[in-house]
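# Geometric and topological summary
Residue-level listing of the chains:
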Amino acid sequence: MTISYNWLCEYLPEPIEPAQLSKILTSIGLEVESLEQYEKIRGGLAGLVIGEVLECNPHPNADKLKLTLVNTGGETPLKIVCGAPNVAKGQKVVVAPVGTTIYPINGEPLTMKLAKIRGEESQGMICAEDEIGIGGSHAGIIVLPGTAVAGTPAARYFNPYSDWIYEIGLTPNRMDAMSHMGVARDVCAYITHHQNEARVKSPFTNNFKTDNRNNPVEVIVENTSACPRYAGVTISGVTVKTSPEWLVNKLTAIGQRSINNIVDITNFILHETGQPLHAFDVAAITGNKIIVKNLPAGTPFITLDGKERKLHQDDLMICNASEGMCIAGVFGGAKSGVSESTTAIFLESACFDSIRTRLTSLRHGLRTDAATRFEKGIDISNTVNVLKRAALLIKEVAGGEISSDITDIYPDPKPRATVTIKNHYLKKLSGKNYHADKVKRILTALGFDIVKEGLDELMVEVPYSKPDISIPADIVEEILRIDGLDNVEIPTMITISPAVEKIGIKENLREKIAGFLVGKGFTEIVTNSITNSKYFDEATTAYTVKMMNNLSAELDVLRPSMLESGLETIAYNLNRKNNNLQLFEFGKTYRTREDGFIEEEHFCLFATGNNHDQGWRSKGTPLDFFSMKGLAIAILQWCGLDNIRFEENAGQPGTVAFFADNQSIGSLVTVSAEKLNAFDLKQPVFMLDLPFGQLLSAVQKKKIVYREVNKFPVVERDLALVVDKQVTYAAIEKSVQSVKLPKLQQVQLFDIFESEKLGKDKKSMAISFTFSDDTKTLTDKEIDGMMNKLIQCFEKEVQAEIRK
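A brief structural summary.

### Structural notes on the pairing of strand 20 (residues 324–327)
Bridging between strand 19 (residues 316–319) and strand 20 involves 3 bridges; their strand directions are antiparallel. Within strand 20, the residue paired with M317 across the bridge is I327. Count of turn residues in the strand 19/strand 20 antiparallel hairpin: 4 residues. Between the end of strand 20 and the start of strand 21 (residues 331–332), which pair antiparallel, lie 3 residues, with G329 showing a positive phi angle near 75 degrees.

### Details of the environment of R367
Topologically, R367 is positioned in the loop between helix 8 (354–364) and helix 9 (369–376). What makes R367 partly exposed here is its relative accessible area of 33%. Residues R367 and E121, spaced 246 residues apart in sequence, show a C-alpha to C-alpha distance of 58 Å. Once residues lying within four places of it in the same chain are set aside, the contact partners of R367 are R358, S361, L362, E375 and L551. Side chain to side chain, R367 and S361 meet in a polar contact 2.8 Å long. A distance of 2.9 Å separates the side chain of R367 from the side chain of E375, its partner in a polar contact.

### Quick look at empty space enclosed by the protein
Summed over all chains, the structure comprises 3 cavities of 30 Å³ or more. If you go around the largest cavity, the residues you meet are A226, L316, A328, V330, F352, D353, R356, T357 and T360. The greatest single-element share of the lining of the largest cavity, amounting to 3 residues, is contributed by helix 8. Within the lining of the largest cavity, the residues separate by chemical class into 5 nonpolar, 2 polar and 2 charged. Empty space within the second largest cavity amounts to approximately 50 Å³. As for the second largest cavity, its lining consists of R42, G43, L45, A46, L48, T101, I102, Y103 and I132.

### Observations concerning the sheet that holds strand 6 (residues 92–97)
Reading across the sheet, the 5 strands line up as 5-4-3-6-11 and stay open at both edges, with antiparallel pairing between neighbours. Here the strands that pair on one side only, and so sit at the sheet edges, are strand 5 (78–82) and strand 11 (124–126). Within the sheet, the average angular offset between the axes of one strand and its neighbour, ignoring direction, is 45 degrees. Where strand 4 (residues 62–71) and strand 5 come together, 5 bridges link them in antiparallel fashion. In the strand pairing of strand 5, T68 is matched with I80.

### Things to note about the sheet that holds strand 40 (residues 762–771)
As summarised here, the arrangement of the 4 strands in space is 39-40-38-41, forming an open sheet in which the pairing is antiparallel. One side of each edge strand has no neighbouring strand; the edge strands of this open sheet are strand 39 (744–753) and strand 41 (801–802). Sheet topology note: the strand 39/strand 40 ladder contains 8 bridges and is antiparallel. Opposite I752, over in strand 40, you have M765 as the bridge partner. Together, strand 38 (715–724), strand 40 and strand 41 form the strand contacts of helix 21 (residues 780–797), whose direction differs from that of strand 38 by roughly 15 degrees.

What counts, and where the lines are drawn
- Along each chain, residues carry numbers from 1 onward, in the same order as the chain's sequence is written.
- The predicted nature of this model means local features are confined to residues of pLDDT at least 70 and side-chain atom pairs, given and counted, to a pLDDT of 80 or more, with totals for whole chains, interfaces and linings taken over all residues.
- Each side-chain value is worked out from all heavy atoms of the structure, with water and hydrogens disregarded.
- Two strands are said to pair when DSSP picks up at least two bridges between them.
- Helical segments are the DSSP runs of H or I of at least four residues, strand segments are the runs of E of at least two, and each set is numbered from the N terminus.
- Each residue is placed in one exposure class: buried if its accessible area under a 1.4 Å probe, protein chains only, is under 20% of its type's maximum, exposed if it is over 50%, and partly exposed if it falls in between.
- It only takes one pair of heavy atoms within 4.5 Å for two residues to be counted as in contact.
- A 3.5 Å cut-off defines polar contacts: any pair of N or O atoms within that distance qualifies, except that in protein one atom must be a possible hydrogen donor and the other a possible acceptor, and neighbouring residues in sequence count only when both atoms are side-chain atoms.
- Computed over the protein atoms alone on a 1 Å grid, cavities are sets of points where a 1.4 Å probe fits but cannot get out and pockets are open sets with protein on both sides within 12 Å along at least five of seven lines; a residue lines them when it has an atom within 4 Å of a point.
- Grid points are joined across faces, edges and corners, and a volume is the space filled by probe spheres set on the points.
- Amino acids outside the nonpolar list (Ala, Val, Leu, Ile, Met, Phe, Trp, Tyr, Cys, Pro) and the charged list (Asp, Glu, Lys, Arg) are all regarded as polar, and Gly is one of them.
- For helices, the fitted line uses only the C-alpha atoms of the stretch in contact; every axis is such a line through C-alpha atoms, and the angle between N-to-C directions lies from 0 to 180 degrees.

Interpretation in functional terms is not warranted from these geometric data alone.
The structure is reproduced here in structure tokens:
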């Protein structure tokens, strides 16, 4: 939620410093995520000054340049070389002296320095519009009226609009704070409680009146459950044009684009009060009727963005006598909107059902400001008041006359909710003793009405602006917010019940792996388990868990794989030039099955780029499949597993499955080019995926055995095997394991050599064997015997020749 400081202060009894206001907002639950200064003109014209050209002479060394002497209010005039064709003696101009930074419309900031231009000293610059950001013209310098006073700061003369902008992180239940007046109401409640009585300065007046009844529009609401209240009024004789500066400034500051005076007023009211409005061109209302109803499923409708959408049977529509004009509460139609030729409008202020509005919005992928507010619930009691305010503002900025009575269809007025809260419950939940007068003061300031007061309880009526409040716990939350969570006292003694159960093997294993990887330079990430269905093919989508009430159109399924959320993180970092990434995550995947759902824990590694940064001693080494394979072995060994082997997955290219003690542990994946392209990734990415349940099961089966460090020396022997090129090292390892030599401690490939001298399609693999015995020193005879067994196995299993 974006809030303008200047705009907000219009509703406060007294302005509050931006930083102090930021603290207040955070303390009352409206967490300020950022506070940034907004400047309509970059730099705010700081350092620029109004000057008067005292002299203007030709430059001795350049035909198109002039030597000027400019009075800027200082002790001595400034010598400035100027190339503008319209500079002349006696003009009032805008000057950027030495040391001033200017911010051109197109380009980087530029700081003025003392310079020599064609041999003549220049002590600044006489500015054109585009050079200081106040316009787009570069035809010549700015020439001000003769009444401008030399020496006046340009910021004071032009008075450029500036503001402070708050980004507030609203929780989903706080629809009452989705407007400037809603935030002002909370701030005033805080001031009332902590300082003195403060009331919101209301913009609503009693000046509304109907000028004539020459242009009435009949309204019929057929679906009153989807539209519990609908109000509207006709304004004729309007002139659609550019909005006044005050309106453009307010909207632009909060990131809204100015469209025209009519549409801008509806957007202004939306951000002022939280009530969405819609303006229809009366000329497009066929039959002079507004009908609120549902159209048949599949009915085509062209929206404002020019796209044709097929309507669902549950989509509520605002129609004229012959066709739909607007998707109610979500998006307008292409034919009924306000245009330059519009002279009369029908202004709508309504309340639409929150659930239906949200479903329609998500169904068509239209996440508009109006839909966001309707789906959270609006103040149904304020519908007509807001309509009157908007109508008066439109008359102010677009002229015209109110040419009909207000139509207000509200067949079943909604009663205000009542909630009873007991004092002991308030104390129990908040941890603080509140005096009854303080509680009433806070609730009254927030718009609650006291219905009944007893010795130990208080019954209140909830304002329509807070539809989320329905139980006593909600009232406690409101009291705590305004009082301030920081004001809850911490007791001097806290009693807790210590946990009997020790940290299980699962948590210990996670900590062990995480510590190992952090020591290796990896970073742990936590990604969202809700992701985008477009990442997956049809085969995968068939068993994905789909969200029934998804947060947005992009977050609509629970992830069936850890890969895509990891690639999102990698893409985000690569786009910011963080090219060497080594990441790990503990997370969950989800999929459907006939009898329900499957939730599975995973431990994943993601790596791309170089193993380490380039330094003066060594160059950066690119990560590859084999470095990830080595890391996988190291992790499994760190977990206490052995007899680790790898097998290529023939059904999934680029995927290798690995096992420990013949139990499946996980897979190592070289991410396919197709998947990399989907995330716009240009460098290889590797992923190690370990289903955590399988890893935990394998670790639990292992028994920890302690033994002495071997006192006897190890013996190493090497063999060079000439084999066919298609023979893999995994086949060599498998052959070694089949011999079952208990004294063979380690096997390692240390060289691969290819040459025509070895024979066609042949290669040499140099392998090191390490032997050891815990009870004695091995003799040459024993070692030769074991080596002969290995050689015979290699000759039989992989048709190897021993290279001499």
